[in-house]
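A closer look at the structure
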Amino acid sequence: MGVRLTVNGAPVEVRADGATPLILALRNELGLKGTRFGCGGEDCGACMVLVDSEPRYSCTLQLDDVVRNRVTTIEGLNDGLAEVLREAILAENAGQCGYCLSGIFVTLHHCLATSAQPKYAEVAEALGHHLCRCGANAAILRAVKRVLERIQAGASDA
Amino acid sequence: MPELGSSSGWNAPITDRFDLSRTGLVVLKTGKVELGQGILLALRQIAAEELDLSVDAVVTVSGDTSASPFEGGTVGSMSIETSGREVRDAAAVLRSELFDAAARKLGVSVSEITAEGGQFFVASSRSKETFWSLAAEIDFDQARGRSAVPKSPNLYKTVGVNIPQTHLLERLGGGSFIHDLSFDGMLHGRVLRKPHPDARLESVDTDAICGPGVLRVVRERDFIGVVADSEQALATAMARLERRCRWSGSPNDGSQTPLDILANADVTERVLRADQGSSGPEPAEDGATLSAVYSKPLIGHGSIGPSCGIAIVSDSAVEVWSHSQNVFALRDQIARVLGRAAQDVIVRHRLGAGCYGHNGADDAAMDAALLARAVAGRPVRVQWTRKDELTCEPLGSPMRIAVQARIRDGRIAEWKLATRSGTHMQRPGWGEQVNLLGPAAANAEFATTIQMDLPEHNGGSKNAVALYDFPQHVTYEFSANLPFRLSALRSLGSFGNVFAIESFMDELAELAGCDPVEFRLRHLADPRARRVVSRVAEISDYSKPCEAGFGRGLGFARFKNTGSYCAVVALVSVDETVEVQKLWAAVDAGLVINPTGVISQVEGGMLQAASWVLKESVPTDGTRLIAESWKDYPILTFAETPETNVEIIADPDFPSTGVGEVSLGPTAGAIANAVASAFGMRIRELPLTRERLMKAALEAE
């Protein structure tokens, strides 16, 4: 018994039944442990992945829900934008324990990748799907501002 | 004595602390553990500084009972204060031993040699000797008890520098957290917790729980858990188990809140301070006295990642992985419960999600060990559910603080404060008790029967004595029988006490007709205290008038009256609900190791305190904790996050003091004072919810 999926651009077969939560297959069957379990109820966003480029909670999706879709985890985000995000996170020390951060990274990457001119308010609003308990929220928001400045500077250079 | 966990003076072999067996690297062994606070980087900076190494050349072995020095817990904001000092002292001894060996070997005097990156130079030319070539020449055990003078701070090149916290980027991928550990043949287990503290497991149909993938149903008295071969099979079995268990007993009267229970509890009183002429004012007989009662509710840790533990139990050994704050204390209690010798149990620390005190980490590890006993030799991984986190972790005690004072000639002439609380300490081993959920359910002998708080000015009495200069009478009213599981939560009693003291200082300033900053400075002789208060007022434009509906407020404390100094200003707006617009802080932590790390901890404390002040109160029905999800225990969101600005007043002339807990109390005071200013009325019960504000507004009409 197996379920065929497309994860991070590659076809994979997972030894699990279709009712298995996506997060368990990603972590335990595919070894993609950057996706984290936080609450299991779509409240905290630690488990965020992209399904056909849209942010979705992987703790409540089942494998059957995504057999026709492209699933992208944080391990699959390695483009130039991801690098800019990483630089901003380091520059602002935007995280403490980092447990919430990979889900936040997925959401931020989505917001910045899908909008030609992303607005701070929109990006900040998208973070409403996430919780951070260390109080790194303000630093994460500063990192967002830093990335947007960088994107704007890049746009005006062009 | 876990919480006192202050490390003992450094008088151990250097090999307890450093290992030079890997060429090019110095292994720093530490009992302190990474909790998301960046401690390991700071300790590496300290060692690298003394040894003139790059930070990358210092690696750590942390929190391993088989390899790390015993240093108590990673608690009480003490790691830099005590362990940092010891690492510095031990590194200075190591350096001195290495230099002596180099001088002998090279036939020159110590003053002629220098070292950089572990390479020795004689008169600027490279010698053939390095730290590692000489390591074998040193009798490390002989170095016990030696002392060497550490570097002078004015020569520092690595300490005080913002070495980037690159571990954050590493954690973006998988593999950094305990949750990511995987072993061959690993099984998954979980324990079904009692619905309330007095519940007993009357009956359970274990046959009905068995199903595909379920290996064991483990029952001992009121302990009932499942071991399965996958997380999915476990989740299915646990859902069946929940339906098949019958629990007896009912929780206590649901009409009483934890604060009601505290208010009516039997207490023992301890006088913390009784200055002459401070017996306290009689009930107000003139306009110059004031009294008020403040409170804070039950508060949870709410770590974003659930508690997790892994254990392998075999006939000869027990191996456990845990994100405990104190692997040694956990090791001792696991050994006690399993009937093993302590040396046969190894507990290794692995990173958990952010930790703010005694959460479920130790329980999850103990759960894993108890379940692993049923499947000898196989690794069992336990990961709690969010509901487990919200209903089973130890909580921060409710507190009620009553204070009275008299003003004479614009100064506080008398001050009487009584702070009331349950315990802030119930860590594994505290009071000779196991203090873990699994063993307490399995065996009455292991139940916690005595609640005992930390002594002296700690626990509920932390920061109950104000740092201000006025005659004080301060009493701690301790209740040893609150029907909740209470233990250490970030800043312990300091949060409630400083919230009350700083709120009352503003109320008294108003009575005295004085500006709140000026009023505080009038009662503060300590120059470091004056400096943070003045500085935060300056950077926040404290004295600038606010628009209608907005208010600024200030709060100050020196953590435990011996630690770091912190003053916070909040700018809030009040329009039915409170919005914190901005928070500023000035902090004096003496010698700073990594400024970014300090700012991060202070800012994290401010935002966590903002969450506590505005939103948090653990929902209860009598003694039953009823939150099922984050929806029932909301915390600060990104949309509610204020801008923050933290300024460090670095003073290398003073020893380093911890910063993890310093900003919570001052932030509570600052927000409460800002709300009182914006709203025109003072709410003395936390959290400052919309309902409380509306009720106060209605009552005022």
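Model, not experiment: these values are computed from the prediction.

**Thoughts on the overall build of chain B**
Within chain B one finds 16 helices and 26 strands. Here the C-alpha atoms of chain B give a radius of gyration of 27 Å, agreeing with the 27 Å that 2.2 N^0.38 yields for 701 residues. Judged by the C-alpha coordinates and their principal axes, chain B covers about 85 × 75 × 45 Å. Residues counted as buried form 56% of the 701 residues belonging to chain B.

**Overview of the domain arrangement of chain A**
All names here are of chain A. Once the domains are mapped, chain A shows domain 1 (3–76) and domain 2 (80–157). Between domain 1 and domain 2, the C-alpha centre-to-centre distance is 22 Å. At the junction of the two partners, domain 1 supplies 14 residues and domain 2 supplies 13 residues. At 3 residues, strand β3 (residues 48–51) tops the list of elements feeding residues into the side of domain 1 that touches domain 2. Along the lines of polarity and charge, the residues of the side of domain 1 that touches domain 2 split into 8 nonpolar, 4 polar and 2 charged.

**Considering the pairing of strand β20 (residues 472–478) of chain B**
All names here are of chain B. Burial within β20 is extensive, with 7 of its 7 residues counted as buried. Burial of the side chains of β20 extends over both faces: Gln472, Val474, Tyr476 and Phe478 are buried on one face and His473, Thr475 and Glu477 on the other. Here strand β12 (residues 268–274) pairs with β20 via 6 bridges, running antiparallel. By the bridge assignment, Glu269 is partnered in β20 with Glu477. Sheet analysis places strand β19 (residues 411–421) next to β20, joined by 7 bridges and oriented parallel. By the bridge assignment for β20, Trp415 is matched with Gln472.

**As for the domain arrangement of chain B**
All names here are of chain B. Looking at the assigned domains, one finds that chain B contains domain 1 (14–159), domain 2 (178–249 + 302–392) and domain 3 (259–298 + 396–700). Here the C-alpha centre of domain 2 lies 39 Å away from the C-alpha centre of domain 1. The interface is formed by 14 residues belonging to domain 1 together with 13 residues belonging to domain 2. Split by residue class, the side of domain 1 that touches domain 2 holds 4 nonpolar, 8 polar and 2 charged.

**A look at unusual backbone geometry**
Residue and element names in this part refer to chain B. Backbone torsion omega between Leu686 and Pro687 reads -5°, so that peptide bond is classified as cis. Topologically, Pro687 is positioned in the loop between α15 (664–679) and α16 (690–700). The phi dihedral of Glu576 is positive, around 70°, even though this residue is not glycine. Take Glu576: it is sitting in the loop between β22 (565–575) and β23 (577–588). When the 8 C-beta atoms within 10 Å are taken as the criterion, Glu576 is described as exposed.

Rules used in this analysis
- Residues numbered from 1 in each chain as written.
- Chains lettered and ligands numbered in written order.
- Predicted model: local features only at pLDDT ≥ 70, side-chain atom pairs only at ≥ 80, totals over all residues.
- Helix = DSSP H or I, 4+ residues; strand = E, 2+ residues; numbered from the N terminus.
- Rg over C-alpha atoms; globule rule 2.2 N^0.38 Å.
- Buried ≥ 20, exposed ≤ 12 C-beta atoms within 10 Å, placed from the backbone.
- Domains from an automatic or database assignment.
- Contact = placed C-beta atoms within 7 Å.
- Nonpolar A, V, L, I, M, F, W, Y, C, P; charged D, E, K, R; others polar.
- Pairing = 2+ DSSP bridges.

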